[in-house]
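Single-letter residue listing:
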Amino acid sequence: MKNESKERLPERVPFTDIPTGETMSLFAPAGMDHLLPDPKNIAQWAHQVVWTDRMLETLLNNQVKGGKWHALFDKVYSELNLFDSACKVLDKKGAAGVDRQTVSDFAEQELREIQLLHEELREGRYRPSPVRRVWIPKPGSQDLRPLGIPTVRDRVVQTALVHVIEPILDHTFHERSFGFRRGRGCHDALRVVEEKLAAGYVYVVDADLKGYFDSIPKDRLLAMVNEQISDRRVLSLIKNYLDQSIMEELRTWTPESGVPQGAVLSPVLSNLYLNPLDHQMAESGFEMVRYADDFVILCRSQAEAEAALAMVRTWVEGAGLILHPEKTHIVDSREKSFSFLGYSFRGKYIFPRKKSHEKFIARIRELTPRKSGQSLTVTIQKINQMTRGWFGYFRHCYWPAYKGYDGLIRRRLRCQLLKRHRLNPNRQSRTQRWPNAYFTMQGLWSLQDAFIRFAQSCSY
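Q: Describe the pairing of strand β6 (residues 287-291), naming the residues involved and giving the relevant values.
A: In terms of burial, β6 is a largely internal element, 5 of the 5 residues being buried. Bridge analysis of β6 against strand β7 (residues 294-299) gives 5 bridges, and the strand direction is antiparallel. Directly across from tyrosine 291, in β7, lies its bridge partner aspartate 294. Hairpin remark: β6 followed by β7, antiparallel, with 2 residues in the connecting loop; positive phi at alanine 292, about 60°.

Q: Give a detailed account of the side chain of arginine 181, specifying residues and quantitative values.
A: Position of arginine 181 among the secondary structure elements: in the loop between α7 (152-170) and α8 (186-198). The exposure class assigned to arginine 181 is buried, which follows from its relative accessible area of 7%. A polar side-chain atom of arginine 181 sits 2.8 Å from the main-chain carbonyl oxygen of histidine 174. For arginine 181, the residues in contact, after removing those within four places along its chain, are Asp170, Phe173, His174, Glu175 and Asn271.

Q: A description of the packing of helix α12 (residues 266-283) against helix α13 (residues 302-318) should follow, citing residues and the corresponding values.
A: Packed helix pairs are characterised by how far apart their axes lie and by the angle those axes make with each other. At a closest axis distance of 11 Å, the pairing of α12 and α13 adopts a crossing angle of 150°. By the angle between their directions, the pair α12 and α13 is classed as roughly antiparallel. For α12 against α13, the interelement crossing comes out right-handed. The segment α12 lies against α13, with Tyr273, Leu274, Pro276, Leu277, Gln280 and Met281 engaging Ala308, Met311, Val312 and Trp315. Of the residues assigned to the contact of α12 with α13, the class counts are 9 nonpolar, 1 polar and no charged.

Q: Could you give an account of the packing of aromatic side chains, with specific residues and numbers?
A: Within a pair of aromatic rings, the relevant descriptors are the distance that separates the centres and the angle that separates the planes. Inspection of every chain in the model, using the stated rule, returns 25 aromatic pairs. An angle of 70° between the planes, with centres 5.7 Å apart, marks the rings of phenylalanine 73 and tyrosine 77 as edge-to-face. Taking 5.7 Å as the distance between ring centres and 45° as the angle between the ring planes, the aromatic pair formed by tyrosine 343 and tyrosine 393 counts as tilted. In this pair, tyrosine 343 sits in strand β10 (residues 343-346) while tyrosine 393 sits in helix α15 (residues 376-394), placing the two residues 50 residues apart along the sequence. Here tyrosine 393 falls in the partly exposed class, since its relative accessible area comes to 24%. The positively charged end of arginine 251 is found above the aromatic ring belonging to tryptophan 253, 4.4 Å away from the centroid. Looking at arginine 300, its charged tip hangs above the ring of tyrosine 201, at a distance of 4.2 Å from the centre.

Q: Now, about α13: what can you tell me, with residues and values included?
A: In this model, α13 (17 residues) spans 25 Å end to end at C-alpha, consistent with the 24 Å of a helix rising 1.5 Å per residue. Positioned one or two residues after α13, glycine 320 has a phi angle of 80°, which is positive.

Rules behind the numbers
- Along each chain, numbering runs from 1 in the same order as the chain's sequence is written.
- Confidence filtering applies because this is a predicted model: local features only for residues at pLDDT of at least 70, side-chain atom pairs given and counted only at 80 or more, and all residues used for totals across whole chains, interfaces and linings.
- Processing note: side-chain calculations cover all non-hydrogen atoms of the structure and skip hydrogens and water entirely.
- When accessible area is computed with a 1.4 Å probe and restricted to protein chains, residues below 20% of their type maximum are described as buried, those above 50% as exposed, and intermediate ones as partly exposed.
- Secondary structure elements are defined from DSSP: runs of H or I of at least 4 residues count as helices, runs of E of at least 2 residues count as strands, and each element is numbered from the N terminus.
- Only when DSSP finds a minimum of two bridges between them are two strands counted as paired.
- N or O atoms closer than or at 3.5 Å make up a polar contact, with two conditions inside protein: a donor-capable atom paired with an acceptor-capable one, and, for residues adjacent in sequence, both atoms drawn from side chains.
- In what follows, residue pairs with any heavy atoms lying within 4.5 Å of each other are defined as contacts.
- The axes are straight lines fitted to the C-alpha atoms, using for helices just the contacting stretch, and the angles between their N-to-C directions are given from 0 to 180°.
- Angle categories are assigned with fixed cut-offs, so that under 35 degrees is roughly parallel, over 145 is roughly antiparallel, 65 to 115 is roughly perpendicular, and the rest are oblique.
- The crossing is said to be left-handed when, going from far helix to near helix, the turn is anticlockwise and less than a right angle, and right-handed when the turn is clockwise.
- Residues are grouped as follows: Ala, Val, Leu, Ile, Met, Phe, Trp, Tyr, Cys and Pro are nonpolar; Asp, Glu, Lys and Arg are charged; every other residue, Gly included, is polar.
- The pairing test for Phe, Tyr and Trp rings, Trp by its six-membered ring, is centres within 6.5 Å, and the orientation test on the planes gives stacked under 30 degrees, edge-to-face over 60, and tilted for anything in between.
- Our definition puts a charge over a ring when NZ of Lys or CZ of Arg is within 6 Å of the ring centre and also within 35 degrees of the ring normal.
- Helix span, expected: 1.5 Å multiplied by one less than the number of residues in the helix.

Keep in mind these values describe shape, not function.
Structure representation (structure tokens):
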């Protein structure tokens, strides 16, 4: 019976399959489109406090006079817009900026703070504070990456500004851009990659932009915003954010280029700067899939891939950016693997990429030290919290990966138990003393069992 159940187990669940009741985003099944939000329909997610039906109709029908939007700044400093923006910022409970004002401090004086921001913006007295820079670990690497933390007040104003300009800019974005956009996500991008690989686009240009957020030319970026928006006060506010100084320890400076990672405004502006590349590649017939600054181009032949990479190099050089020389290459995915958004693709096999795998192992080891003062119940609870979140993203991998991770977790837990229970009068092996069923009874969440349930819940 055990072997039969394994035979019935699918090797993996495709990205195109989802459990009943989950949103499929861009890829709604035929006949179910009316049940799912359409990310292409800006009217479904545009902020209603700002965007009236008449404005949306003008935007979606491309009827704006002169092709540019005027008189938008009053919508930025609208008290209702600022209030809704403050609610979003407070819900995220981010860290304090250079003024040390926490979200709790802001919440205590919320009405007063919103009124002050409204008056400062309306009267032209508002000026952003410097951004507090911290360094955080880069996922899957020992390197650190900079993160800018604006003040709570600045985050509120930036959110209000995004409410106004995001629909205008997003309306011009290409459908193959998935990063930081409403109704789109990593699995949507991965779904397109999977479909193109299955269709024979096996030669992959795996490109990496070196220090993208820090290298975007400010003047060119602002000029691109000006192509869609002509309100001088809106443009001036965006420029003020691009020219924000950075404070690190006791040093303050203003970077010559780039947008601060961590700022509310950065995602939409970073998407805007790469938007011409999306359209150029599509118009040239190349299958490019982009998530923020991470993108791959899927081709049918080596020659086509080389032509695509040459076009990217030319565009990147002209845009003042840099392709990472070591991380940009062409791969035949039937013979060598390539990584995209945490997954590693090679032939029919899809696993967590090496860095994602190593990060998982490191986290499990961190949660299961041999000498631990925590009870087994508490340790299992922490492991379950971590593995549930991990599986939520990596649930489309080749199924033996989950079996291996389950085995690792149980081995680590057995090592802990062995330290606590050294006496073994019956001379039993570790697996006899603590079989797999023992950990199941203790509430350990199994990745392999989760995969089986996930596979059964999907439609084939």
